[in-house]
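# Secondary and tertiary structure notes
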Amino acid sequence: GELFAGVDGVEIFGKPDGIEGGSTVDNFWLTSILVDSQVAGWDSLALIEFLAAENIEARPLWKPMHAQPVFADNPRYVDGTSERLFAQGLSLPSGSALTTHQFRRVAEQLNRFLESQS
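What comes next is a walk through the structure. (Residues numbered from 1 in each chain as written. Predicted model: local features only at pLDDT ≥ 70, side-chain atom pairs only at ≥ 80, totals over all residues. Heavy atoms only, no water.)

## Section: the overall build of the protein
The helix and strand tally for the protein stands at four helices and four strands. Going from the N terminus to the C terminus, the protein shows its helices and strands as β-β-α-α-β-α-β-α. Burial analysis of the protein (118 residues in total) assigns 26% to the buried set. Pairs at least 24 residues apart make up 66% of the contacts formed inside the protein by residues separated by at least 6 positions. By element, 52% of the accessible surface of the protein is carried by carbon and sulfur atoms, the whole surface being about 8200 Å². (Helix = DSSP H or I, 4+ residues; strand = E, 2+ residues; numbered from the N terminus. Buried < 20%, exposed > 50% of the residue type's maximum accessible area, 1.4 Å probe, protein only. Contact = heavy atoms within 4.5 Å. Areas by Shrake-Rupley, 256 points an atom, 1.4 Å probe, with all protein chains shown as cover.)

## Notes on helix 4 (residues 100–117)
With 18 residues, helix 4 ought to run about 26 Å at 1.5 Å a step, and its terminal C-alpha atoms sit 26 Å apart, in line with that. Val106, Ala107, Gln109, Leu110, Phe113 and Leu114 are the residues of helix 4 that are buried. Buried residues of helix 4 fall within an arc of 165 degrees about the axis and therefore sit on the same side. The exposed residues of helix 4 that point more than 90 degrees off its buried face are His101, Arg104 and Glu115. (Expected span 1.5 Å × (residues − 1). Arc of directions from axis to C-beta.)

## Things to note about the environment of Val78
Along the chain, Val78 falls in the loop between strand 3 (59–60) and helix 3 (81–88). In this structure, the C-alpha to C-alpha distance between Val78 and Pro64, residues 14 residues apart in sequence, is 9.8 Å. Dropping the residues within four chain positions of it, Val78 is found in contact with His66 and Glu83.

## Looking at the sheet that holds strand 3
Strand order across the open sheet formed by four strands is 1-2-4-3, with antiparallel pairing between neighbours. Since the sheet does not close on itself, it has two edges, and those belong to strand 1 (10–12) and strand 3, each with one partner. Where strand 3 meets strand 4 (residues 89–91), two bridges bridge the pair, whose relative direction is antiparallel. The residue bridging Pro60 from the neighbouring strand is Leu90, located in strand 4. The sheet contacts of helix 2 (residues 44–53) involve strand 2 (32–35), strand 3 and strand 4, and relative to strand 4 the element is tilted by about 25 degrees. Each of strand 2, strand 3 and strand 4 is contacted by helix 3, which is oriented at about 55 degrees to strand 4, the strand it contacts most. (Pairing = 2+ DSSP bridges. Axes fitted to C-alpha atoms, helices over the stretch in contact; angles between N-to-C directions.)

## Re the environment of Ile12
Residue position: Ile12 is located in strand 1. Remark: the alpha-carbon pair of Ile12 and Glu2, spanning 10 residues in sequence, is separated by 9.8 Å.

## Focus: the side chain of Ser44
Here Ser44 shows up in helix 2. Classification of Ser44 as buried rests on a relative accessible area of 6%. If sequence neighbours within four positions are ignored, Ser44 has contacts with Val35, Ala87, Gln88, Gly89 and Leu90.

Function cannot be read off these values alone, since they describe shape.
Written out as structure tokens, the structure is:
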């Protein structure tokens, strides 16, 4: 979260209280961000491509079920939220298997990207 502190248009996906007014707590097993390209001046695809050039994998958030070909003919109840999250969301390398060296390398490249966008 600290890497994106103060970066306009970027927020960490998930909150300490997962549901407004609820008592759930996210466990943050997957580190993801949401990028509002109108505010940030760049989009999640630009960051994915930058990291890929450094041999670091980052991916969009999960593709909505109704957008997957296998479910094309199934009923759906959508309001645009899943499409927005898929378009704006980005999952970064994370997990307990990341070494300190790997984490620092990813953080350095994220900082390089953010500096190049200012």
